[in-house]
Amino acid sequence: MTDASNSLGEDLRALRTARKMTLEELAQKLGRSVGWLSQIERDISTPRMSDLSQIADIFGVQLSLFFGNTEAPANEQGRIVRAGARRVIGERDQGLVETLISPDLTDSFEMIHSTFQPGSRRVQMISRPTQEVAYMVSGKLDIWLDDEKFTVETGDSFRIRDASYRWENPYSEPAVAVWVISPPVY
């Protein structure tokens, strides 16, 4: 059995509870029994790839979130995330590369490292039931909070709470941000 702080089951349970979804509700959406889902969350059973794909669709996350846990020394599991061992999440096709800084999804928040490539943008507004704070590590980024445009750069931070947002990097350098998001959305 896997260490609970580094398990697929724990991550699935954390996603489900962050979305305030019961075992019964998720099982119904999956067309599966509560017992089956409970065994997955307790790492007694392993879901098929098609099940994971369906779960990713229900939660609105990338399938890759469920993979990428690298082997780490026992004393680091669930505590230390090495730079080369981060799980890639988010949408790469829009010029945004995101990795999970948090060891897993079992906390009441998550930390994300985002790199916005030059020329990348999100056209559609995003609205999530979260509180988010981002710190700009490097570069510049244009961000719209509701309908108001702001340009943030290295050393700046911003909060998104009860607002829709979108972003654009029309600049020649990547923009890098570190986010704290509560509850976890990935």
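Attention in this report is confined to the structure presented alongside it.

What counts and what doesn't
- Residues numbered from 1 in each chain as written.
- Predicted model: local features only at pLDDT ≥ 70, side-chain atom pairs only at ≥ 80, totals over all residues.
- Heavy atoms only, no water.
- Helix = DSSP H or I, 4+ residues; strand = E, 2+ residues; numbered from the N terminus.
- Contact = heavy atoms within 4.5 Å.
- Areas by Shrake-Rupley, 256 points an atom, 1.4 Å probe, with all protein chains shown as cover.
- Buried < 20%, exposed > 50% of the residue type's maximum accessible area, 1.4 Å probe, protein only.
- Polar contact = N/O pair within 3.5 Å; in protein donor to acceptor, adjacent residues only side chain to side chain.
- Axes fitted to C-alpha atoms, helices over the stretch in contact; angles between N-to-C directions.
- Left-handed = near helix turned anticlockwise from the far one by under 90°.
- Nonpolar A, V, L, I, M, F, W, Y, C, P; charged D, E, K, R; others polar.
- Salt bridge = Lys/Arg side-chain N within 4 Å of Asp/Glu carboxyl O.
- Phe/Tyr/Trp six-rings, centres within 6.5 Å; stacked < 30°, edge-to-face > 60°.
- Lys NZ or Arg CZ within 6 Å of the ring centre and 35° of its normal.

**With respect to the overall build of the chain**
Right, so step 1: Across its full length, the chain carries four helices and 10 strands.
Right, so step 2: Ordered by position from N to C terminus, the α and β elements of the chain give α-α-α-α-β-β-β-β-β-β-β-β-β-β.
Right, so step 3: By sequence separation, contacts in the chain at least 24 residues apart represent 61% of the contacts at least 6 residues apart.
Right, so step 4: Summed over all atoms, the accessible surface of the chain reaches about 9900 Å², with 47% contributed by carbon and sulfur.

**Considerations on the environment of Ser-33**
Right, so step 1: Among the structural elements, Ser-33 can be located in the loop between helix H2 (23–30) and helix H3 (34–41).
Right, so step 2: Relative accessible area serves as the criterion here: at 41%, Ser-33 is assigned to the partly exposed category.
Right, so step 3: Distance from Ser-33 to Leu-23, taken between C-alpha atoms, is 9.1 Å for residues 10 residues apart in sequence.
Right, so step 4: Engagement of the side chain of Ser-33 in a polar contact is seen with the backbone nitrogen of Trp-36, the distance being 3.0 Å.

**Remarks on the packing of H2 against helix H4 (residues 49–59)**
Right, so step 1: At a closest axis distance of 10 Å, the pairing of H2 and H4 adopts a crossing angle of 120°. Crossing of H2 against H4: the hand is right-handed. In this structure, H2 uses Leu-26, Lys-29 and Leu-30 to contact H4, whose residues at the interface are Asp-51, Gln-54, Ile-55, Ile-58 and Phe-59.
Right, so step 2: Residue classes in the contact of H2 with H4 are distributed as five nonpolar, one polar and two charged.

**Brief notes about the pattern of salt bridges**
Right, so step 1: All told, the structure shown has eight salt bridges when counted by the stated rule.
Right, so step 2: With a closest N to O distance of 2.5 Å, Arg-82 and Glu-76 form a salt bridge.
Right, so step 3: Looking at Glu-76, the relative accessible area reads 12%, which means it is buried.
Right, so step 4: Its salt-bridge partner being Glu-132, residue Arg-128 comes within 3.0 Å of it at the nearest N-O pair.
Right, so step 5: Taking relative accessible area as the criterion, Arg-128 reaches 23% and is therefore assigned partly exposed.
Right, so step 6: Residue class for Glu-132 comes out buried when judged on its relative accessible area of 1%.

**Considerations on the packing of aromatic side chains**
Right, so step 1: The final tally for this structure, using the stated rule, is three aromatic pairs.
Right, so step 2: Geometrically, the ring pair formed by Phe-116 and Trp-167 is edge-to-face, given 4.7 Å between the ring centres and 70° between the ring planes. Taken together, the positions of Phe-116 in strand E3 (residues 110–116) and Trp-167 in strand E9 (residues 165–168) put the pair 51 residues apart, joining distant regions of the chain.
Right, so step 3: For the pair Phe-158 and Trp-179, a centre-to-centre distance of 5.4 Å together with 90° between the ring planes defines the contact as edge-to-face. Taken together, the residues span a long stretch of sequence, with Phe-158 in strand E8 (residues 157–161) and Trp-179 in strand E10 (residues 175–182) at a distance of 21 residues. Accessibility assignment for this pair places Phe-158 and Trp-179 in one class, buried.
Right, so step 4: Chaining the aromatic ring pairs together yields one cluster made of Phe-158, Tyr-165 and Trp-179.
Right, so step 5: Between Arg-32 and the ring centre of Trp-36, over which it is positioned, the NZ or CZ distance is 4.2 Å.
Right, so step 6: Its end group placed over the ring of Trp-144, Arg-166 keeps NZ or CZ at 3.8 Å from the ring centre.

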